[in-house]
Amino acid sequence: MLHDMRSTMADLMAFAPYLVGCALSLVTALVAAVLGMLRRFPPMQKGTLAFFHPFADGGGGGERVLWCAVQALQEARPDVQIVIYARAGVSEQQLVQDAQQRFNIPIKAGIKVVPLVHTDLILPERYPRLTLVGQAVGAARLGAEALRGLVPEVFVDTTGWAFAYPLARLLGCRVAAYTHYPTVSTDMIGRVWRREATYNNDASVAGSPLKSAAKLLYYNAFALWYGACGGCAHVVMVNSSWTRRHVASLFWRNPVKRLLARRGAGGGPLRVYPPCDTEELQRLPLDRPLKQLFLVSVAQFRPEKNHRLQLDAFAAAKARAGNSGQAGAHCLRAARLKMVGSCRNDADAARLADLQQYAQQLGIADSVDWCVNVPFDELRSLLGGAVGGLHTMRDEHFGISVVEYMAAGAIPIAHDSAGPREDIVVPWVGDDGSTQPTGFLAASADEFADAITQVLIMDQRDRLKIAAAAQKHASSFSTQRFEQDFMAAIGPMLPRKR
């Protein structure tokens, strides 16, 4: 037997050169294929910085981050050519106008727009099954389309789609990421593990042990892919403590950086709070007219924003008042809810129509106003008149709208999770060490209804104390602080001054 084993080993050793040769040939072929692919891209344009933001004409918090970043760069480094990868049909003039009208952000002329034709590749409705993988592959393809249009010296992603980072890195770009929300998170995986039905975990999956196990495998494999792509970024910025914790656990890093991060000595994602127009809104008076109290909700009409929960809670608060003659009951009955949001596409418009129908079913349609795609001046007026602001998204990465409520003097009623809980709706500590609440946190419809009731019937003096504390805390999230932190993070990556 020993002789046979030696004979077999000798035979294998005889084939070893052929096996090594085949392996080297395969590696060479792969390298040649990659190099051939890279030759199809244009040469890098020195002195350029490009933002990957396909829907740059949207009206959400992500777009506000984009335009404040552009403004900061224009002021600090006017020599850098700024490029926006945006959907086809959107012009430079339109984007500049949108930034001014929607966010009150003046952008200087001279930015360049590289049109993206296939932005539908990253829309979730395109992929009824395996949505994450479909969108990830779509994001990689859309990133390739962007880079075929122009290869910048610095590639900045402000959408969170990390799957274009490896290609940008291969083409020689310095890659920066501003991550609002991890594409997959341990919270998402945990909900699948608990078999909890949500907007991104269908009830048919949550109700099946086999389907849940398969989805867990899918999520974990996807997390590895996402983390590997995210690890290709030179600099990673995040918008909150919650996002930082998740991204730090997902994005791959070299052992030295990982060790430094664990010891709290840097090396991990940089927390750069998103810009909130606190200065403009803080000029609004804290006093509110008491004749017609109203709450405001500011959010895009997207499924994760959970507008239905707001309608349920508002209807429950009104139902509690009934025909009661108790103090405050009249305020509840007369109160209105103003739903302020933007529609990005037909799906959002259909969702808005569904919400309007749902308000009819709840019997509160006459007490709800729908304010769609409103300009900044109208938004400021609404925030300046509201006594409270609603926010119902679970695991909201940050919550710019919550900060805007606080800055304007509207008491926030926010979801008890993630950014609002960890960074925003926290007690304000005065100079004497005393604390003052800055708003309310809730999770269920009943909890939101309780908070709505408290805000609407609250004594004016008590309301002013909370509103004043909230307004002071909102200064922590100013545009000025964002610009300083953003430039500090991205400064070392910028092109050399010409």
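Residues numbered from 1 in each chain as written. Predicted model: local features only at pLDDT ≥ 70, side-chain atom pairs only at ≥ 80, totals over all residues. Heavy atoms only, no water.

## Notes on the pattern of salt bridges
Then step 1. Summed over the entire model, instances satisfying the criterion amount to 20 salt bridges.
Then step 2. Notably, a salt bridge pairs D120 with R126, separated by 2.5 Å at the nearest N-O pair.
Then step 3. For D120, a relative accessible area of 31% translates into the label partly exposed.
Then step 4. Put simply, K305 and E396 hold a salt bridge, and the shortest N to O gap is 3.0 Å. In this pair, K305 is assigned in the loop between β8 (294–298) and α12 (307–321) and E396 in the loop between β11 (388–390) and α16 (400–408), connecting sequence segments 91 residues apart.
Then step 5. You can call E396 buried: its relative accessible area is 4%. (Salt bridge = Lys/Arg side-chain N within 4 Å of Asp/Glu carboxyl O. Buried < 20%, exposed > 50% of the residue type's maximum accessible area, 1.4 Å probe, protein only. Helix = DSSP H or I, 4+ residues; strand = E, 2+ residues; numbered from the N terminus.)

## Things to note about the nonpolar core
Then step 1. Counting residues in each nonpolar core, the largest one holds 46 residues, and the members touching the most others are Y85, L147, F155, F163, Y165, V184 and Y226.
Then step 2. Those residues in contact with F163 that sit more than four places away from it in its chain are A136, A139, A140, F222, W225, Y226 and C229.
Then step 3. One finds L49, A72, L73 and V80 within the second-largest nonpolar core, a separate group that totals 38 residues. (Core = buried A, V, L, I, M, F, W, Y, C linked by side-chain atoms within 4.5 Å. Contact = heavy atoms within 4.5 Å.)

## Details of unusual backbone geometry
One can expect most non-glycine residues to show negative phi and most peptide bonds to be in trans.
Then step 1. With a phi angle near 55°, D395 is a residue other than glycine that sits in the positive phi range.
Then step 2. Tracing the backbone through its elements, the reader meets D395 in the loop between β11 and α16.
Then step 3. Given a relative accessible area of 6%, D395 falls into the buried group.
Then step 4. The phi torsion at A418 lies on the positive side, around 45°, for a residue other than glycine.

## Side note on the sheet that holds strand β1 (residues 44–52)
Then step 1. Read across the open sheet, the 7 strands follow the order β3-β2-β1-β4-β5-β6-β7; overall the sheet is parallel. Looking at strand neighbours, the two that pair on one side only are β3 (112–116) and β7 (270–271), the edges of this open sheet.
Then step 2. Across 6 bridges, the pairing between β1 and strand β4 (residues 151–157) is parallel. The residue of β4 that forms the bridge with A50 is F155.
Then step 3. Where helix α2 (residues 61–76) meets the sheet, it contacts β1, β2 (81–87) and β5 (174–179), and its direction lies at approximately 165° from that of β2. (Pairing = 2+ DSSP bridges. Axes fitted to C-alpha atoms, helices over the stretch in contact; angles between N-to-C directions.)

Any functional reading would require information that these geometric values do not contain.
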